[in-house]
Amino acid sequence: MECQNFEKEHKNEMRAVQDSMDVLNGKWKISIISSICYYNKRRFSDILGDIDGISNKMLSKELKELELNKLVKRTVLNTQPVTVQYELTAHGKSLKTIINKLTDWGKKHRQEILGK
C-alpha cells in the first residue's frame, strides 16, 4: 500500500513538472519573465532590447501566451504614441525565486564551463 502511495505521489510530482514546463516552454518565456521581473514593469521595446535574437512577432506571441496563463499583465497607457507596459501578476511574481535560482545557476555554470 505504501509503495502505491509513493508511486501516486511521484506521478503527481511528474505531472506538476510537466504542467510547469508546458507553461514555460520555448526558447523565450523565461527570458521575458526575467526581463519583467528585474525591472517590475517593462515596455515592449525594452523587453525586445533585453533579449538577443527575439523578433517583434515572437515577443508578441509569447507575451500573449504569458497573459493567457495569468503570469503577465498588459497595460495600455494613454500616451502619444500609445505605450504598452507589461508587469508580472501576483501569480507571475511567484516565479521570482525560480528566476533568481536560474540566474545564480547560470552564472555558476558559465564559470564551470568557460571559466568566465
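Details of the structure are given in the entry above.
As the structure is a prediction and not an experimental result, all values here were calculated from the model. (Residues numbered from 1 in each chain as written. Predicted model: local features only at pLDDT ≥ 70, side-chain atom pairs only at ≥ 80, totals over all residues. Heavy atoms only, no water.)

### Observations concerning the overall build of the protein chain
Helices and strands together make up the secondary structure of the protein chain, namely 6 helices and 3 strands. Computed over the C-alpha atoms, the radius of gyration of the protein chain is 18 Å, more than 25% above the 13 Å expected from 2.2 N^0.38 for a compact globule of 116 residues. With respect to the three principal axes, the spread of C-alpha positions in the protein chain is 65 × 40 × 25 Å. Expressed as a percentage of the 116 residues in the protein chain, the buried residues total 24%. Within the structure as shown, the protein chain displays about 8800 Å² of accessible surface, and the carbon and sulfur contribution to it stands at 53%. If you average the places of the 21 positive and of the 15 negative side-chain charges in the protein chain, the two averages end up 7 Å apart. (Helix = DSSP H or I, 4+ residues; strand = E, 2+ residues; numbered from the N terminus. Rg over C-alpha atoms; globule rule 2.2 N^0.38 Å. Buried < 20%, exposed > 50% of the residue type's maximum accessible area, 1.4 Å probe, protein only. Areas by Shrake-Rupley, 256 points an atom, 1.4 Å probe, with all protein chains shown as cover. Lys, Arg positive; Asp, Glu negative; His and termini not counted. Charge placed at Lys NZ, Arg CZ, Asp CG, Glu CD.)

### Thoughts on helix α4 (residues 56-68)
Compared with an ideal rise of 1.5 Å per residue, which puts 13 residues at 18 Å, α4 spans 18 Å between its outermost C-alpha atoms and is within 8% of the ideal. As for α4, its buried residues are in contact with α2 (29-39), α3 (44-50), β2 (72-77) and β3 (83-88). After α4 finishes, the residue Lys70 shows a positive phi value of roughly 60°. (Expected span 1.5 Å × (residues − 1). Contact = heavy atoms within 4.5 Å.)

### Some points on the sheet that holds strand β1 (residues 41-43)
Reading across the sheet, the 3 strands line up as β1-β3-β2 and stay open at both edges, with antiparallel pairing between neighbours. The strands lining the two open edges of the sheet, one partner per strand, are β1 and β2. Along the sheet, successive strands turn relative to each other by an average axial angle of 30°, direction set aside. Sheet topology note: the β1/β3 ladder contains 3 bridges and is antiparallel. What sits directly across from Arg42, in β3, is Tyr86. Across the sheet, α4 lies against β2 and β3, angled at about 115° from β2, the strand it touches most. (Pairing = 2+ DSSP bridges. Axes fitted to C-alpha atoms, helices over the stretch in contact; angles between N-to-C directions.)

### Here's the deal with the pairing of β2
Strand residues, when the strand is regular, have side chains that alternate between the two faces of the sheet. Pairing of β2 with β3, which is carried by 6 bridges, proceeds in the antiparallel orientation. When the bridges of β3 are listed, Leu77 appears paired with Thr83. Two successive antiparallel strands, β2 and β3, enclose a turn made up of 5 residues.

### Quick notes on the packing of α2 against α4
Between α2 and α4, the shortest axis-to-axis distance is 10 Å and the interhelical angle comes to 80°. Here α4 runs roughly perpendicular to α2, going by the angle between their axes. Touching Lys29, Ile32, Ile33 and Ile36 of α2 are Leu59, Glu62, Leu63, Glu65 and Leu66, all from α4. Split by residue class, the contact of α2 with α4 holds 6 nonpolar, no polar and 3 charged. (Parallel < 35°, antiparallel > 145°, perpendicular 65-115°, else oblique. Nonpolar A, V, L, I, M, F, W, Y, C, P; charged D, E, K, R; others polar.)

None of this, on its own, says anything about what the molecule does.
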